[in-house]
Amino acid sequence: MIYFLIPVFNELDNIEKLCNNLRNVLPGAEKYFVFSDDGSSDGSPQKIQQVLNKEAYIILGDGNNHGPGYAFNMGFEWILQHSADVDKDLIVTLEADNTSDLTILPVMVKNAEMGFDLVLASVYAQGGGFDKTSFLRRLLSFIANIILRFAFDLKVLTLSSFYRVYKVSILKKIKQVNPVIVQEKGFICMIEVLLKAVKNNARIIEVPMMLKSLQRKGKSKMKVFKTMMSYLKFLLKRK
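Residues numbered from 1 in each chain as written. Predicted model: local features only at pLDDT ≥ 70, side-chain atom pairs only at ≥ 80, totals over all residues. Heavy atoms only, no water.

Chemist: Residue-level account of the packing of aromatic side chains, with values.
Modeler: The full count for this structure, using the stated rule, is 7 aromatic pairs. Seen in terms of ring centroids, Phe4 and Phe33 are 5.3 Å apart; in terms of plane orientation they differ by 50°. Their pairing is tilted. Within this pair, whereas Phe4 is found in strand E1 (residues 2–8), its partner Phe33 is found in strand E2 (residues 31–37), the two being separated by 29 residues in sequence. Both residues of the pair, Phe4 and Phe33, belong to the buried class. Residues Phe162 and Phe187 carry aromatic rings whose centres are separated by 5.7 Å and whose planes lie at 20° to one another, so their mutual orientation is stacked. Placement of Phe162 in the loop between helix H5 (135–152) and strand E7 (164–167) and of Phe187 in the loop between helix H6 (168–177) and helix H7 (189–199) is noted, with a sequence separation of 25 residues between them. According to the relative accessible area criterion, Phe187 is partly exposed, its value standing at 22%. Put simply, the rings of Phe72, Phe76, Phe162, Tyr166 and Phe187 touch in pairs and so form one group of aromatic residues. (Phe/Tyr/Trp six-rings, centres within 6.5 Å; stacked < 30°, edge-to-face > 60°. Helix = DSSP H or I, 4+ residues; strand = E, 2+ residues; numbered from the N terminus. Buried < 20%, exposed > 50% of the residue type's maximum accessible area, 1.4 Å probe, protein only.)

Chemist: Talk me through the pattern of salt bridges; I want residue IDs and the actual numbers.
Modeler: For the structure on display, the rule yields 6 salt bridges. Two residues, Lys175 and Glu77, come together in a salt bridge whose shortest N-O distance is 2.9 Å. Residue Lys175 is located in helix H6, and its partner Glu77 is located in helix H3 (residues 68–82); the two are separated by 98 residues in the primary sequence. Since its relative accessible area comes to 27%, Lys175 is described here as partly exposed. Between Lys196 and Glu192 there is a salt bridge whose closest N-O contact spans 2.7 Å. (Salt bridge = Lys/Arg side-chain N within 4 Å of Asp/Glu carboxyl O.)

Chemist: Lay out the pairing of E7 with the relevant residues and their values.
Modeler: Here E7 shows no split at all, with Arg164 and Tyr166 on one side and Val165 and Lys167 on the other all buried. In this sheet, E7 lies alongside strand E4 (residues 90–93) in antiparallel orientation, the contact comprising 4 bridges. Bridge assignment links Leu90 to a residue of E7, and that residue is Lys167. (Pairing = 2+ DSSP bridges.)

Chemist: Please give an account of the layout of surface pockets that cites residues and values.
Modeler: The computed volume of the second largest pocket comes to approximately 160 Å³. Classifying every residue of the lining of the second largest pocket gives 3 nonpolar, 5 polar and 3 charged. (1 Å grid on protein atoms, 1.4 Å probe; cavity = no way out; pocket = protein on both sides within 12 Å on 5 of 7 lines; lining within 4 Å. Points joined across faces, edges and corners; volume = space filled by probe spheres on them. Nonpolar A, V, L, I, M, F, W, Y, C, P; charged D, E, K, R; others polar.)

Chemist: So, the environment of Ser169: which residues are in play, and what are the values?
Modeler: Checked against the element boundaries, Ser169 lands in helix H6. The spatial distance from the C-alpha of Ser169 to the C-alpha of Leu90 is 8.5 Å, given a sequence separation of 79 residues. If we skip the residues at most four places from it in the chain, Ser169 touches Val86 and Asp87. (Contact = heavy atoms within 4.5 Å.)

Chemist: Help me get a handle on unusual backbone geometry, residues and values and all.
Modeler: Backbone geometry places Asn10, a non-glycine residue, at a positive phi of 50°. Residue position: Asn10 is located in the loop between E1 and helix H1 (12–24). Positive phi is not limited to glycine here, since Asn201 has a value of about 60°. Here Asn201 shows up in the loop between H7 and strand E8 (204–208).

Chemist: So what about H6? Which residues, and what values?
Modeler: Turning to H6, its buried residues are Val168, Ser169, Ile170, Leu171 and Ile174. Lining the buried residues of H6 we find H3, E4, E7 and H7.

Chemist: Residue-level account of the packing of H3 against H6, with values.
Modeler: Where H3 contacts H6, the two axes come as close as 10 Å, and the packing angle between them is 105°. In this view, H3 runs roughly perpendicular relative to H6, as classed from their interaxial angle. Between H3, through Phe76, Glu77, Ile79 and Leu80, and H6, the contact on the second element is made entirely by Val168, Leu171, Lys172 and Lys175. Along the lines of polarity and charge, the residues of the contact of H3 with H6 split into 5 nonpolar, no polar and 3 charged. (Axes fitted to C-alpha atoms, helices over the stretch in contact; angles between N-to-C directions. Parallel < 35°, antiparallel > 145°, perpendicular 65-115°, else oblique.)

Take a look at the structure:
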């Protein structure tokens, strides 16, 4: 089974295209779509129900806005409880705004099937990049990645992207030695999970990706300054 875990917060304008793309990707694979709604007020959950009415899916959430970390943790916990084969099942996490390039997903899944516990879609790997992102956002992302890689001695290039393929088994290992899989509520949650995976000796590989910002309708939900401050607090807390 391949579980798709997508956190959603007010993505009504992007949902229909996202759902249609998810329906068509990896033809022949057994797929289950897990939407973790983080308190959307624009009708995103209703749109998901309308578009995916014949697909295998669930929408999680309590109607409140907690942050992407909470949304991911809720989805991970649900999948761990429902996975029938933790050694073979996979989880694909991605953004709800269509910026994740699904054309590279077959390669990412193949890498996971070959034995990698965590496959990262990387804008910094050779061949990756951005189709349209402000210079300031690129610069801040680049600096943050360098600092965090140095501080935690990480050998990967992309640390915070949502777009990943996990083996369910690595998340089960993380849960066995941690009270929760994801504790951080903000966007820093992706670095938290990555560090926990590394600590559990996960085999990790990166696949080059072009971030498709032009495919997004509306603005990114990530606030650059707030996110950078959360990175700093996370770094100080861990050191």
